[in-house]
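Observations on the model geometry
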Amino acid sequence: MTVLRRAWLPTLLCCLTLLIGWWSKARCLGDGTWTGAEQYLQWCYTDVFPLWTVERLDEGAVPYFDHPVEYPVLTGLQMWLGQQVAQAFPPDLGARAFFHVTALMNAVLSLAVLGLLALAGLPARRRLWWALAPPLAVYAFLNWDPLAVALMVGAILAHLRDRDLEAGALAGLGVAAKLIPGVVIPLILAARLAQGRSQDALRHLFAAAGVWLVVNLPVAVLVPESWSRFFVLNRERPANFDSLWYLAEQVRGAAFPVAGINLASALLLLGGWLVIAAVGMRRRDPSEWWALALPALCWFLVTNKVYSPQYTLWILPLAALSLRRPAPYLGFVLADVTVYLVEFPFLGGLQGAAPAPTYGLLAVTLLMRAGMLLWIAVESTLDHDETLTAAAGPKARLRQVGRAQPA
């Protein structure tokens, strides 16, 4: 009975976290509209609600074919599925129905992440790092990221079970939903090559590339301009106000050329990733190289010109899987929640709402969060227990991580 309670407790608590997250957004949708910047001042903003009309989903437009959406194809498919269900409701409930349908899908995907963490052998107390995370309540229903997060964790689980074809397919699907799951692909390839398993490396690579092509190629061929909108938008957009690049522009007193930011951020990203690989791979067995996805992702968030709030969801399961101790994780969660509490009223101020925090206060919280990301990146790159060898097996390694420092 005790074992059963321990197994179900993270699931029940995750459901509670998701219920709180749903309520925090849905409470502002009662009249079907937002007024007076309430979505920012009351911390209930979600991309899902306005995109119902912005992406012409309310008109029955099919993503990409009738209207170019700003997300990769698999995310567009989830939007279309939500649209199909929402259209079964009366038209005056369209945007609200679309939100609730999307929230239900994201809740199921978030619970799937928890289940995958359990299948990976993660102790129940470690699964609480996902199930009870305040950012899960805040961001689970902000956008469509839970789909790609689940696919990324699924790819890691398949890799831990030596299912290279399945790991590649899941990673390829993840990249088709959001690009970030692609960070695990080169790590798995490098690990298999270092283990002398070149055929498994090829299986992983071909599966990832093949699945991504199957999802993307029809859209890219039939509506190339719509398909490429995601890439064009990310190339042309300036520094987002919650990135360190925007902060540097405020200190400088002028904006940087977008092309310059693109080049500089790419060079910084590549240089940091090479350092993480060189240091991290030398300190651990190839069977554990997948864990370097955590510092690689942290460095991406620090150097990228855009930090959308829901990107935080990417850190949580990777930290639960591979971070040795809870202190940097808790520091990051605290800093991220602080950013959230300041950021959205700041956005309300940009629309004329008052009182609103100044950018200076927001900048302080952004620096706090960046510092926590760097802490996680450094610790997860350097920290390694040499008693946890490949002979112990991936599941044993995860259990050892969970026992090393109780959460």
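Higher on the page you've got the structure.
Below: a short report on this structure. (Residues numbered from 1 in each chain as written. Predicted model: local features only at pLDDT ≥ 70, side-chain atom pairs only at ≥ 80, totals over all residues. Heavy atoms only, no water.)

**Re the overall build of the protein chain**
The line we're drawing: Where helices and strands are cited, they refer to DSSP runs of H or I of at least four residues and of E of at least two residues respectively, numbered from the N terminus. With the radius of gyration taken over C-alpha atoms, the globule rule is written as 2.2 Å times the number of residues to the power 0.38. Only protein chains enter the calculation, and the probe is 1.4 Å; a residue is then buried if its accessible area is under 20% of its type maximum, exposed if over 50%, and partly exposed in between. Any two residues whose heavy atoms approach within 4.5 Å are treated as being in contact. We get accessible surface area from the Shrake-Rupley algorithm with a probe of 1.4 Å; when it comes to residues, only the shown protein chains can shield them. Under the counting rule used here, the positive set is Lys and Arg, the negative set is Asp and Glu, and His together with the chain ends is not counted. The location of each charge is read from NZ of Lys, CZ of Arg, CG of Asp or CD of Glu.
Helix and strand content of the protein chain: 20 helices and zero strands. In terms of C-alpha radius of gyration, the protein chain reaches 21 Å, essentially the compact-globule figure of 22 Å for 407 residues. With respect to the principal axes defined by its C-alpha atoms, the protein chain has extents near 60 × 55 × 45 Å. Going through the 407 residues of the protein chain one by one, you find that 53% of them count as buried. In the protein chain, the share of contacts with a sequence separation of at least 24, taken over all contacts with a separation of at least 6, comes to 74%. Only carbon and sulfur atoms are counted for the fraction: they give 69% of the accessible area of the protein chain, which is about 17,100 Å². Between the mean site of the 30 positive side-chain charges and the mean site of the 26 negative ones, the protein chain shows a separation of 10 Å.

**Some details on the packing of aromatic side chains**
So the rule is basically this: Think of it this way: a Phe, Tyr or Trp ring, Trp meaning its six-membered ring, pairs with another when their centres are within 6.5 Å, and the plane angle makes it stacked under 30 degrees, edge-to-face over 60, tilted otherwise. Criterion for a charge above a ring: Arg CZ or Lys NZ at most 6 Å from the ring centre, at most 35 degrees from the ring normal.
Considering all chains together, one arrives at 19 aromatic pairs under this definition. The residue whose ring lies beneath Arg27 is Trp23, and the NZ or CZ to ring-centre distance is 5.2 Å. One Lys or Arg, Arg369, reaches over the ring of Tyr307 and ends 3.6 Å from the middle of that ring.

**Some words on the layout of surface pockets**
Applicable threshold: A pocket, in this scheme, is an open set of points on a 1 Å grid over the protein atoms alone with protein on both sides within 12 Å along at least 5 of 7 lines, while a cavity is a set where a 1.4 Å probe fits but cannot get out; residues line either one if an atom lies within 4 Å of a point. Grid points are joined across faces, edges and corners, and a volume is the space filled by probe spheres set on the points.
Estimates place the volume of the largest pocket at around 1,300 Å³. Secondary structure elements with two or more residues in the lining of the largest pocket: helix H3 (48–54), helix H13 (229–236), helix H15 (258–282), helix H16 (293–303) and helix H18 (326–350).

**Focus on the nonpolar core**
The following threshold applies: Throughout, nonpolar core names a set of buried Ala, Val, Leu, Ile, Met, Phe, Trp, Tyr and Cys residues whose side chains join them through atoms within 4.5 Å.
Among the nonpolar cores identified, the biggest contains 120 residues, and Trp130, Val184 and Ile315 are the most heavily contacted of them. If one sorts the elements of this core by residue count, helix H8 (residues 145–160) sits on top with 12 residues.

**Quick word on the packing of helix H17 (residues 312–322) against H18**
Put simply, the test is: Lines fitted to C-alpha atoms define the axes, with helix axes restricted to the stretch in contact, and inter-axis angles between N-to-C directions lie between 0 and 180 degrees. Each angle receives one of four descriptions, namely roughly parallel if under 35 degrees, roughly antiparallel if over 145, roughly perpendicular if within 65 to 115, and oblique otherwise. Rotating anticlockwise by less than a right angle from the far helix to the near helix defines a left-handed crossing, while the corresponding clockwise rotation defines a right-handed one. Gly falls in the polar group here, along with every residue not listed as nonpolar (Ala, Val, Leu, Ile, Met, Phe, Trp, Tyr, Cys, Pro) or charged (Asp, Glu, Lys, Arg).
Taken N-terminus to C-terminus, the directions of H17 and H18 make an angle of 165 degrees; their axes are 11 Å apart at the nearest point. Comparing their axes, H18 and H17 come out roughly antiparallel. The crossing of H17 and H18 is left-handed. For the pair formed by H17 and H18, the contact residues are Thr312, Ile315, Leu316 and Ala319 on the first element and Tyr329, Phe332, Val333 and Asp336 on the second. Among the residues forming the contact of H17 with H18, the class breakdown is six nonpolar, one polar and one charged.

**What about the pattern of salt bridges?**
Here is the rule we go by: Salt bridges are defined by distance alone: a side-chain nitrogen of Lys or Arg within 4 Å of a carboxyl oxygen of Asp or Glu.
With the rule as written, the count across this model stands at 13 salt bridges. A salt bridge links Glu166 to Arg163; the nearest nitrogen and oxygen atoms lie 3.7 Å apart. Overall, Glu166 belongs to the partly exposed group, its relative accessible area being 36%. What makes Arg163 partly exposed here is its relative accessible area of 41%. Between Arg325 and Glu379 there is a salt bridge; the shortest N-O distance is 2.6 Å. One end of the pair, Arg325, is in the loop between H17 and H18; the other, Glu379, is in helix H19 (residues 359–382), and 54 residues separate them in sequence. A relative accessible area of 12% means that Glu379 is categorised as buried. Within the structure, one salt-bridge network assembled from shared partners comprises Asp162, Asp164, Arg192, Arg197, Asp200 and Arg203.

**Topic: a nonpolar patch on the surface**
Just so we agree on the cut-off: Patch construction takes residues with relative accessible area above 30% that form no salt bridge. Like charges are linked within 9 Å, and nonpolar side chains (Val, Leu, Ile, Met, Phe, Trp, Tyr) are linked within 5 Å.
On the surface, a cluster of nonpolar side chains totalling about 520 Å² of accessible area is made up of Leu16, Leu19, Ile20, Trp22 and Trp23. Looking at the element boundaries, Leu19 is found in helix H1 (residues 2–26).

**Regarding helix H14 (residues 244–252)**
Taken as a whole, H14 has its buried residues at Trp245, Leu247 and Glu249. Where H14 is buried, its residues meet H15, H16 and H19. Once H14 finishes, Gly253 follows within two positions and takes phi at roughly 85 degrees, a positive value.

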